[in-house]
Every structure is written in C-alpha cells, then in structure tokens.
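Tertiary structure, described
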Amino acid sequence: MSHEYSSMPHKDAPIGVFDSGVGGLTVVREIMRQIPNEKIVYFGDTARVPYGSKSKDTVTRFSRQILRFLQTHQVKTIVVACNTASAYALEELEKDTDIPIIGVVKPGAKVAAEVTRNGKIGVIATEATIGSQIYTQYIKQLNKNVTIYGKACPLFVPLVEEGLWQDPVTDEIAKRYLSELIDIDIDTLILGCTHYPLIRSTLGRIIGENVTLVNPAYETARELKEMLGNKGILNEEPPALGANQYRFYVSDGAEKFKHFANSIIKYGILSAKTINIEQY
Ligand code: DGL
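Residues numbered from 1 in each chain as written. Predicted model: local features only at pLDDT ≥ 70, side-chain atom pairs only at ≥ 80, totals over all residues. Heavy atoms only, no water.

1. Some words on the overall build of the chain
Filter applied, for reference: Segments assigned H or I by DSSP are reported as helices when at least four residues long, segments assigned E as strands when at least two residues long, and all are numbered from the N terminus. The size measure is the radius of gyration over C-alpha atoms, and the globule rule it meets is 2.2 Å times the number of residues to the 0.38 power. In this scheme, a residue with accessible area under 20% of its type's maximum is buried, one over 50% is exposed, and one in between is partly exposed, where area comes from a 1.4 Å probe on protein chains only. Note on contacts: a residue pair is in contact if any heavy atoms of the two residues lie within 4.5 Å. Accessible areas in this description were obtained via Shrake-Rupley with a 1.4 Å probe; residue shielding takes into account the shown protein chains only.
Counting its regular elements, the chain contains 11 helices and 10 strands. Relative to its length of 280 residues, the chain is compact, with a C-alpha radius of gyration of 18 Å against a globular reference of 19 Å. Here the C-alpha coordinates of the chain stretch approximately 50 × 40 × 35 Å along the principal axes. Relative to its 280 residues, the chain shows a buried fraction of 56%. Across the chain, contacts joining residues at least 24 apart in sequence account for 78% of those joining residues at least 6 apart. Split by element, the accessible area of the chain, about 12400 Å² in all, is 49% carbon and sulfur.

2. Regarding the packing of aromatic side chains
Note the cut-off: Each Phe, Tyr or Trp ring, with Trp reduced to its six-membered ring, pairs with another whose centre is within 6.5 Å; inter-plane angles below 30 degrees give stacked pairs, above 60 give edge-to-face pairs, and intermediate values give tilted ones.
Across all of its chains, the model carries 10 aromatic pairs by this definition. With a centroid separation of 5.9 Å and an interplanar angle of 45 degrees, the aromatic rings of Tyr 42 and Phe 248 are classed as tilted. On the criterion of sequence distance, the pair formed by Tyr 42 in strand β2 (residues 40–44) and Phe 248 in strand β9 (residues 246–250) is long-range, its members being 206 residues apart. Taking the relative accessible area as the measure of exposure, Phe 248 reaches 3% and is therefore buried. Where Tyr 42 meets Phe 257, the ring centres are 5.8 Å apart and the plane angle is 25 degrees; that geometry is what we call stacked. A residue pair is termed long-range when its members are at least 10 positions apart, and Tyr 42 in strand β2 and Phe 257 in helix α11 (residues 254–264) qualify at 215 residues. Owing to a relative accessible area of 0%, Tyr 42 belongs among the buried residues under this scheme. Of the aromatic side chains, those joined through ring pairs into one cluster are Phe 43, Phe 69, Tyr 249 and Tyr 280.

3. Notes on the pairing of strand β3 (residues 77–80)
We count it as follows: When DSSP finds at least two bridges between two strands, those strands are taken to pair. Seen with its strands pointing away from the viewer, a crossover is right-handed if its path from the first strand over the helix to the second goes clockwise.
The side-chain alternation of β3 yields two buried faces, one formed by Thr 77 and Val 79 and the other by Ile 78 and Val 80. Sheet topology places strand β1 (residues 15–19) next to β3; four bridges connect them, and they run parallel. Paired with Phe 18 across the bridge in β3 is Val 80. Remark: the β3/helix α3 (residues 83–96)/strand β4 (residues 101–103) crossover connection has right-handed handedness.

4. Regarding the pattern of salt bridges
What counts is decided by this rule: Any Lys or Arg side-chain nitrogen found within 4 Å of a carboxyl oxygen on Asp or Glu counts as a salt bridge.
Applying the stated criterion to the full structure yields 17 salt bridges. For Asp 96, the salt bridge identified is with Arg 64, shortest N-O distance 2.6 Å. In this pair, Asp 96 sits in helix α3 while Arg 64 sits in helix α2 (residues 56–71), placing the two residues 32 residues apart along the sequence. The class for Asp 96 is partly exposed, based on a relative accessible area of 22%. Owing to a relative accessible area of 26%, Arg 64 belongs among the partly exposed residues under this scheme. Here Glu 180 and Lys 151 are joined by a salt bridge, their closest N and O atoms 3.2 Å apart. Taken together, the positions of Glu 180 in helix α8 (residues 168–184) and Lys 151 in strand β6 (residues 147–152) put the pair 29 residues apart, joining distant regions of the chain. Exposure remark for Glu 180: the relative accessible area of 40% places this residue in the partly exposed category. Via salt bridges that share partners, Asp 45, Arg 48, Arg 61 and Glu 278 belong to a single interconnected network.

5. Examining empty space enclosed by the protein
Empty space left among the atoms is revealed by rolling a probe the size of a water molecule over them. Note the cut-off: Within this scheme a cavity is a closed region of a 1 Å grid, computed over the protein atoms alone, that accommodates a 1.4 Å probe without allowing it to escape, whereas a pocket is open but has protein on both sides within 12 Å along at least five of seven lines; lining residues each have an atom within 4 Å of a point. Grid points are joined across faces, edges and corners, and a volume is the space filled by probe spheres set on the points. Each residue is assigned to one class: nonpolar for Ala, Val, Leu, Ile, Met, Phe, Trp, Tyr, Cys and Pro, charged for Asp, Glu, Lys and Arg, and polar for all the others, Gly among them.
Tallied over the entire structure, the rule returns two cavities of 30 Å³ or more. Estimated volume of the largest cavity: approximately 70 Å³. In terms of lining, the largest cavity is formed by 14 residues, of which the most central are Ser 20, Cys 82, Thr 84, Thr 126 and Cys 193. For the lining of the largest cavity, the residue count by class is five nonpolar, eight polar and one charged. In this structure, the second largest cavity spans a volume of roughly 50 Å³. As for the second largest cavity, its lining consists of Thr 26, Val 27, Asn 83, Val 104, Leu 191, Cys 193, Thr 194, Pro 197, Asn 215, Pro 216 and Ala 217. Mapped onto the lining of the second largest cavity, the elements with two or more residues apiece are α1 (25–34) and α10 (216–230). A breakdown of the residues in the lining of the second largest cavity according to their chemical character gives seven nonpolar, four polar and no charged.

6. As for the sheet that holds β9
Pairing between the strands of a sheet is mediated by backbone hydrogen bonds and can be parallel or antiparallel. Under the convention used in this document: The convention used is that axes are lines fitted to C-alpha atoms, helices contributing only their stretch in contact, and that angles between N-to-C directions extend from 0 to 180 degrees.
Strand order in this open sheet of six strands is β4-β3-β1-β2-β9-β10, and the pairing throughout is parallel. The open sheet is flanked by β4 and β10 (272–274), the only strands paired with a single partner. For this sheet the average axis-to-axis angle between neighbouring strands, irrespective of direction, equals 20 degrees. Sheet analysis places β9 next to β10, joined by three bridges and oriented parallel. Pairing of Phe 248 across the sheet is with Ala 272, part of β10. Each of β1, β2, β3 and β9 is contacted by α2, which is oriented at about 155 degrees to β1, the strand it contacts most.

Coordinates in, geometry out; function isn't part of it.
If you want it as structure tokens, here you go:
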C-alpha cells in the first residue's frame, strides 16, 4: 500500500497531531491559539504510553502506524507533538511521506539557544530523548559556547497521565530530579517532553524564578504557521458552521482522555474516539 500524497494538499485539509498520550494537547492548545482557522485531527496513543522508556525500533513502528492512521484523514501536514517520537522517528517518517512533518525538538532547541545568558541549559525529558542527545546536537549547531545538562525524568509522564499535576508526590519527585540542575546553576530549562508543561507551575517553583522555562509548543506552532504560509496552505477562512473542527482519537480510554482534554483545552472537546491503531 502506498501512502504518498499524490496531489497538492488543500488549505482546508486538517493538521494531524500525535503524541503517546495527553502531552501533545499542550501543543494542540498552542496551535488552536495561533492558527484558529485550522482543523486538527489528534491521536493520543493512550494504550501504549509511555514511549520514553521504549526502544527506537518500537517508537518508530508505533509512529509509522499513527502516520498511516492520520493519512486516512487526508491531513495536509503532521506535527509530531512528542519529543520522544521526534527524537527517534521523525527522519523515518519523512521517508514514508511527502507531507511536511514538524517535530517539537528543533523549535525548543532554537529558543533555548537564544534565551540563555550564562550558557548553561538544562533539558528535562524522557530517558529516550535524553539518551538520543538530540537537544545537545541541535543546540550546539546554533551556539557552540553553551553547555547542555540533560536529566531524564521518567516518573513525570505517569504522574501527568494520572492527573497528579498539583500533588505532593509530584513535588517530591520534581525536587529530586531538579536538584542537580539547581546545583549546576542553569539559567534555562527546556521542558523536553510535551507532558511537562502540565506541571509547569511545580517545576517553575522548584527550579526558581531566575531560570527561564522553555516550552517548545509555542515555537512549534509558530513554525507550523510559517511553513503552512510559505507553502500556501494556511487556512485563512474559518471552518464552515457545524464542521467538526477538532477531532480526537486515542488507542484506549476515550472517556478519561476526553475529561483530560477538556481540562487542558478550553474549547470544549466534544468527543474522543477509541480506534485500534494496530490495524494501521
Ligand atoms: N510526551 C512525550 C514526549 O514529549 C512522550 C512521553 C512518553 O510517552 O514517555 O516525549
């Protein structure tokens, strides 16, 4: 089966966005703010979260299935709203399709390289993202005179997926994870996992107000807007009345996801549907 895009995508086609779970909603929220006319099809791989402790082969296989699923919705572009999949699978996905694909790592790296003053940048992310060294590579390309300190924080994703955003347990774990970055005196901290902006206030309080928190979502949405504009496929018209502008799919637990999505995105998520991603 071929998944090539045979003709120029239409402006009116949706943007596909995916993550291992709810984390990508922090990126969706930003896309909705910056380009409100766009339609979005979101997929959260809730049956197989977390990705951050899995191998490159597994994350790539999952990401390929999701790409194929999103293509059944005739998406005009795909945003990999997951740092782990951006680190492990982005290049492979680009080989599979002509549709432009944007990840979250490059945009975040760019902001961090620009905002640091003392040249000490911390990155917190999944084991996979830290192990891949991808942030270090990108930031070094932009600014050789900085040092990047990576810290894997594997417990944050399950805490976020369980809704423990403002909980003493999350506080305690964050203190442990961040203590070495505090000792190093970083001045910039990249939230290198799309789940982490949901515990941003805890992280900000613990790391201290002198540290700039970088959430790659904002920059990703900005790059997306620019790319769509350059290709002439930015949707300038609001969707027709009654059009299903935002569609959400998951691989498990649609009700729980919908509840979550409604607390993150204030647009009122009408529905979330469970699909069998293994079919793709
Ligand atoms: N939200 C994802 C990321 O940005 C994945 C987290 C996970 O599933 O481990 O890395």
